[in-house]
2 protein chains.
Amino acid sequence: MKNVVSDCSIESIMRVLSGRWPTLLLYYLKDGTKRFNELRRDNPTVSHRMLALELRKLEAAGIISRIDHDGYPRRVDYGLTEAGRRLVPLIDALGNWWEEVEAERGAAPPLSQVA
Amino acid sequence: MKNVVSDCSIESIMRVLSGRWPTLLLYYLKDGTKRFNELRRDNPTVSHRMLALELRKLEAAGIISRIDHDGYPRRVDYGLTEAGRRLVPLIDALGNWWEEVEAERGAAPPLSQVA
DNA sequence: CCGTATCCAAAGTGATACTG
DNA sequence: CAGTATCACTTTGGATACGG
């Protein structure tokens, strides 16, 4: 395990993961595939346009898979790729880290830091 | 360890970590404190204005510490808080995950996926 | 149902100049 | 040196409409 922040791979990751939707989509897809409009319902505040854009970005990054069952009416299933599934626990770790930070923020500061 | 993506704590994290600079600053500060203009030199493409804004955002989030040695000329040292130091390995994990993904992208796909 | 293009408002960002 | 304010410009994102 190298320290990878050093190479600027971290920059390309953040280009993909930055923003409000990528991590949320990860969450909504972690238990199986969903259709486009199911994802919209899970997330009432995302616009049609943004959902499409974000899905394509994540697909291009290899995180999300897309299966188009040609037919009419059209049906497309989105899911996580293997890489996407490996990403979920890392995002979870961030969530746990943040909860700790907030707990500490709420807790009384150590005596040494009280003026 | 809960699945924290579920509560929307992940949304507030990403509000802080999203974008080009937060993770890079994390990297440049991981080995000790730096002054404002040192950070600018580390990162020649960040503007004066953006660096100031990002530093304040990260400070407010409890990730970065700021020590102002009142004097003239002014001197301010930025560093990671305890919370910030605990964050570094999580970002590193993302970096490692991404490198794997890219390696797989480069590698020949499994036979089952070849048309 | 899913996807894309267009149009327009809003947020983000850099350059610059100024202060303590 | 570090920080803030202003302004012009660029980018982003929602609404909408239309196509397959």
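Chain A is annotated in an unreviewed UniProt entry as Winged helix-turn-helix transcriptional regulator from Bosea vestrisii.

All right, on to the UniProt feature "domain: HTH hxlR-type" (unreviewed entry) in chain A then. Residues annotated by UniProt as "domain: HTH hxlR-type" (unreviewed entry) correspond here to residues 8-106 of chain A. Helix makes up 64% of residues 8-106 of chain A and strand 14%, whereas the separation of the span's terminal C-alpha atoms amounts to 34 Å.

On to the protein's contact with DNA strand D, then. The environment of DNA strand D is made up of 16 residues, and the closest members are Ser47 and Met50 of chain A together with Asn37, His48 and Arg66 of chain B. For DNA strand D, a base nitrogen lies 3.0 Å from a polar atom in the side chain of Arg49 of chain A. Where the surface near DNA strand D is concerned, the elements lending two or more residues are helix H4 (48-60) of chain A together with helix H3 (36-42), helix H4 (48-60) and strand S3 (75-80) of chain B. Broken down by element, the surface near DNA strand D gets its largest block of residues, three residues, from H4 of chain B. Of the residues in the surface near DNA strand D, the class split is six nonpolar, three polar and seven charged.

Attention now goes to the sheet that holds strand S2 (residues 64-69) of chain A. Residue and element names in this part refer to chain A. Strand order in the open sheet made by the three strands is S1-S3-S2, with antiparallel pairing throughout. One side of each edge strand has no neighbouring strand; the edge strands of this open sheet are strand S1 (34-35) and S2. As judged from the six bridges shared by S2 and strand S3 (residues 75-80), these two strands associate in the antiparallel manner. Bridge pairing in S3 places Ile64 opposite Leu80. Along the sheet, helix H2 (residues 21-29) contacts S1, S2 and S3; its crossing angle with S3, the most-contacted strand, is approximately 100 degrees. Together, S2 and S3 form the strand contacts of H4, whose direction differs from that of S2 by roughly 115 degrees.

Criteria and thresholds
Residues numbered from 1 in each chain as written. Chains lettered and ligands numbered in written order. Predicted model: local features only at pLDDT ≥ 70, side-chain atom pairs only at ≥ 80, totals over all residues. Heavy atoms only, no water. UniProt positions renumbered as here; feature names shortened; annotations may be inferred. Helix = DSSP H or I, 4+ residues; strand = E, 2+ residues; numbered from the N terminus. Near = heavy atom within 4 Å. Polar contact = N/O pair within 3.5 Å; in protein donor to acceptor, adjacent residues only side chain to side chain. Nonpolar A, V, L, I, M, F, W, Y, C, P; charged D, E, K, R; others polar. Pairing = 2+ DSSP bridges. Contact = heavy atoms within 4.5 Å. Axes fitted to C-alpha atoms, helices over the stretch in contact; angles between N-to-C directions.

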